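# Observations on the three-dimensional arrangement
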Amino acid sequence: MARRYFGTDGIRGRVGGAPITPDFVLKLGYAAGKVLAGAGREGKKGTRPTVLIGKDTRVSGYMLEAALESGFAAAGVDVMLAGPMPTPGIAYLTRALRLSAGVVISASHNPYDDNGIKFFSADGNKLPDEVELQIEAHLEQPMECAPSEHLGKARRLDDARGRYIEFCKSTFPATFDLRGMKLVLDCAHGAAYDVGPHVFHELGAEVLSIGVSPNGFNINDKVGAAAPDALVRAVQEHKADLGIALDGDADRVQIVDSTGQLYNGDELLYVLVKDRIATNGKVEGAVGTLMTNMAVEVALKEAGVKFVRAAVGDRYVLEKLVENGWQLGAEGSGHILSLDRHSTGDGIVSALLVLAAIQRSGKTLAQILEGVTLFPQTLINVRMSAGADWKNSEAIRRALEQAEQSLESHGRVLIRASGTEPVLRVMVEAAAQQDAVRHAETIAKVVKDVTS
């Protein structure tokens, strides 16, 4: 059964348009309350299930938070409100406080006028497909209201920020500190603006922060992991040792070294695997996605590490890790999973793991990654009309075949629909940059003709 509302990372869209409207989110809260309350922790006898709600800094978060709270209350579920909090912080607190579920109101790296809802189960993991389908089924049923004596109540979780800061710090080795290191931290005017700087400062670093002045409208605006140019400039201007860029909900990270070189999730996965090999002697395997650069796959296999590709989306990386009993996985966009540290991708924790790897090795990022030269990739997003049947297009199939025959074993071609917006992503990877650009542009033109 196909999901109608849930994409690869919850439900997302333009605020004011279906499904991101107050009436739908009210009913979503009710439906989720009915499903998650039954599947989560019920608490002590006689107590109601409790759900934690966090959000990023978008102005629409107030409206959607109120709608969700009302829906949960109508379903007889108590609510705790964390306010602005990184997505992985909600996952951690849901698990640590033994709650029934966690909810985050965020559209991650998207512009401010988008928003979305994502859920975590009681153990701090993204919901499996079957639970999302149950919620969608409840959305089709009439919404009722629990009797007054069974209605849920809401209260604010006043110490959410401090609890999460301490958790992040606990993932950094107790024998290490960041004294003498100058860091630039870009919080994308997002959920980590009042958390991230404290974590790195309390571990001893000199922290220069950018993207920490949210106004409801500037989240991800020319800052953050999806727009790292501001971080590159700041690192070079302040002669910092490293720069760290988070996205709007702080589950992604990109890192910049003192020369201005940017390192993405693919490269950082390799750094973490090499660190684990150095400390533990062996890493059985790691998980990337269909978009992971071939150079990283080759380098990992040369290091004796099995490599598996998952569908794009950190939830699918997680599924492959659990299936294989492994710990490390990543997406090039900066979602990095280290399951011995956290149940979900965490930009702050991932940055700390990279900093620990640098200290342990005594090398720079460039030195750790010496010999790993990424294949040039060209990614073109083609906006498509609703209902466009691109999968059965003969023209698109021929364009893909021609590119693959031309590249032979020296590159890859991938076309996939985004799980968060109405676009097709055309990616071509080749040993030569000009080949990647040429084939990507050719395929994108065909895709545009077919889907527009």
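First, a word on what this report is: a plain description of the structure on this page. Each residue is numbered by its place in its chain's sequence as written, counting from 1. pLDDT decides what is reported in this predicted model: residues at 70 or higher carry local features, side-chain atom pairs at 80 or more are listed and counted, and totals for whole chains, interfaces and linings draw on all residues regardless. By convention in this description, side-chain values take in all heavy atoms of the structure and omit both hydrogens and water.

## Considerations on the overall build of the protein
Short version of the rule: A run of DSSP states H or I qualifies as a helix once it reaches four residues; a run of E qualifies as a strand once it reaches two. Both are numbered from the N-terminal end. Only C-alpha atoms enter the radius of gyration, while the globule expectation follows 2.2 Å times N to the 0.38, with N the number of residues. Note on classification: 1.4 Å probe, protein chains only; a residue is buried when its accessible area is under 20% of the maximum for its type, exposed when over 50%, partly exposed between these limits. Should any heavy atoms of two residues lie within 4.5 Å, those residues are counted as being in contact.
Looking only at helices and strands, one finds 14 helices and 18 strands in the protein. The C-alpha radius of gyration of the protein comes to 22 Å, within 12% of the 22 Å expected for a compact globule of 452 residues. Dimensions of the protein, computed from C-alpha atoms along their principal axes, come out at roughly 65 × 60 × 40 Å. Every one of the 452 residues in the protein was classed for burial, and the buried ones make up 57%. Across the protein, every contact between residues at least 6 apart in sequence was considered, and the portion connecting residues at least 24 apart equals 70%.

## Observations concerning the layout of surface pockets
Applicable threshold: Put simply, the grid is 1 Å and covers the protein atoms alone, a cavity is a trapped set of points that fit a 1.4 Å probe, a pocket is an open set with protein on both sides within 12 Å along at least five of seven lines, and lining residues have an atom within 4 Å of a point. Grid points are joined across faces, edges and corners, and a volume is the space filled by probe spheres set on the points. Three classes are used, and their members are as follows: Ala, Val, Leu, Ile, Met, Phe, Trp, Tyr, Cys and Pro are nonpolar, Asp, Glu, Lys and Arg are charged, and the others, Gly among them, are polar.
Here the largest pocket defines a volume of roughly 1100 Å³. Lining the largest pocket are 36 residues, with Arg-252, Gln-254, Gly-332, Ser-333 and Leu-379 sitting closest to its centre. Those elements that place two or more of their residues in the lining of the largest pocket are strand 11 (262-263), helix 8 (265-280), strand 16 (377-383) and strand 18 (423-430). Classifying every residue of the lining of the largest pocket gives 12 nonpolar, 15 polar and nine charged. The space that makes up the second largest pocket amounts to roughly 610 Å³. Grouping the amino acids of the lining of the second largest pocket by side-chain chemistry returns eight nonpolar, eight polar and seven charged.

## A short note on helix 11 (residues 347-361)
To be explicit about the condition: Expected span, for any helix, means 1.5 Å times one less than how many residues it has.
Taking 1.5 Å of rise per residue, the 15 residues of helix 11 would be expected to cover 21 Å, and the 21 Å separating its terminal C-alpha atoms lies within 8% of that figure. Two residues or fewer past helix 11, Gly-362 is found with a positive phi of approximately 70°.

## With respect to a nonpolar patch on the surface
Defined as follows: Patch members must show over 30% relative accessible area and no salt bridge, and they are joined within 9 Å when carrying like charges or within 5 Å when they are nonpolar side chains of Val, Leu, Ile, Met, Phe, Trp or Tyr. Here the open area of atoms and residues is found with the Shrake-Rupley method and a 1.4 Å probe, where only the protein chains shown may cover a residue. Between Lys or Arg on one side and Asp or Glu on the other, a salt bridge is scored when a side-chain nitrogen of the former is within 4 Å of a carboxyl oxygen of the latter.
Among the surface-exposed residues, Val-59, Tyr-62, Tyr-112 and Phe-217 lie close enough to one another that they form a single nonpolar patch of about 420 Å² accessible area. Within the secondary structure, Val-59 is located in the loop between strand 2 (50-55) and helix 2 (60-74).

## Quick look at the state of the cysteines
The criterion, for reference: Put simply, a disulfide is two cysteine sulfurs that come within 2.5 Å.
This structure, assessed with the given rule, holds zero disulfides. Here Cys-168 is not disulfide-linked; the sulfur of Cys-187 is the nearest cysteine sulfur, at 11 Å.

## Let's talk about the packing of aromatic side chains
For clarity, the cut-off: Ring geometry is summarised as follows: Phe, Tyr and Trp rings, the Trp one being its six-membered ring, pair when their centres sit within 6.5 Å, and such pairs are stacked at plane angles under 30 degrees, edge-to-face over 60 and tilted between the two. Remark: a charge is flagged as sitting over a ring if the NZ atom of Lys or the CZ atom of Arg is within 6 Å of the ring centre and within 35 degrees of the ring normal.
Inspection of every chain in the model, using the stated rule, returns six aromatic pairs. Arranged with centres 6.1 Å apart and planes meeting at 50°, the rings of Phe-6 and Phe-119 form a pair that is tilted. Of this pair, Phe-6 sits in the segment before strand 1 (11-14) while Phe-119 sits in strand 5 (residues 114-120); the two residues are 113 residues apart in sequence, bridging distant segments of the chain. Here the two residues Phe-6 and Phe-119 agree in accessibility, since each one is buried. Members of the aromatic cluster, joined through ring pairs, are Tyr-92, Tyr-164 and Phe-167. A cation sits over an aromatic face here: Arg-315 above Tyr-316, 5.6 Å from the ring centre.

## Comments concerning unusual backbone geometry
With an omega dihedral of 5°, the bond running from Ala-18 to Pro-19 counts as a cis peptide bond. A positive phi angle is found at Ala-188, which is not glycine, with a value near 60°. Along the chain, Ala-188 turns up in the loop between strand 7 (182-186) and helix 6 (196-202). Unusually for a residue other than glycine, Ala-250 sits at a positive phi of about 65°. Among the structural elements, Ala-250 can be located in the loop between strand 9 (242-246) and strand 10 (253-257).

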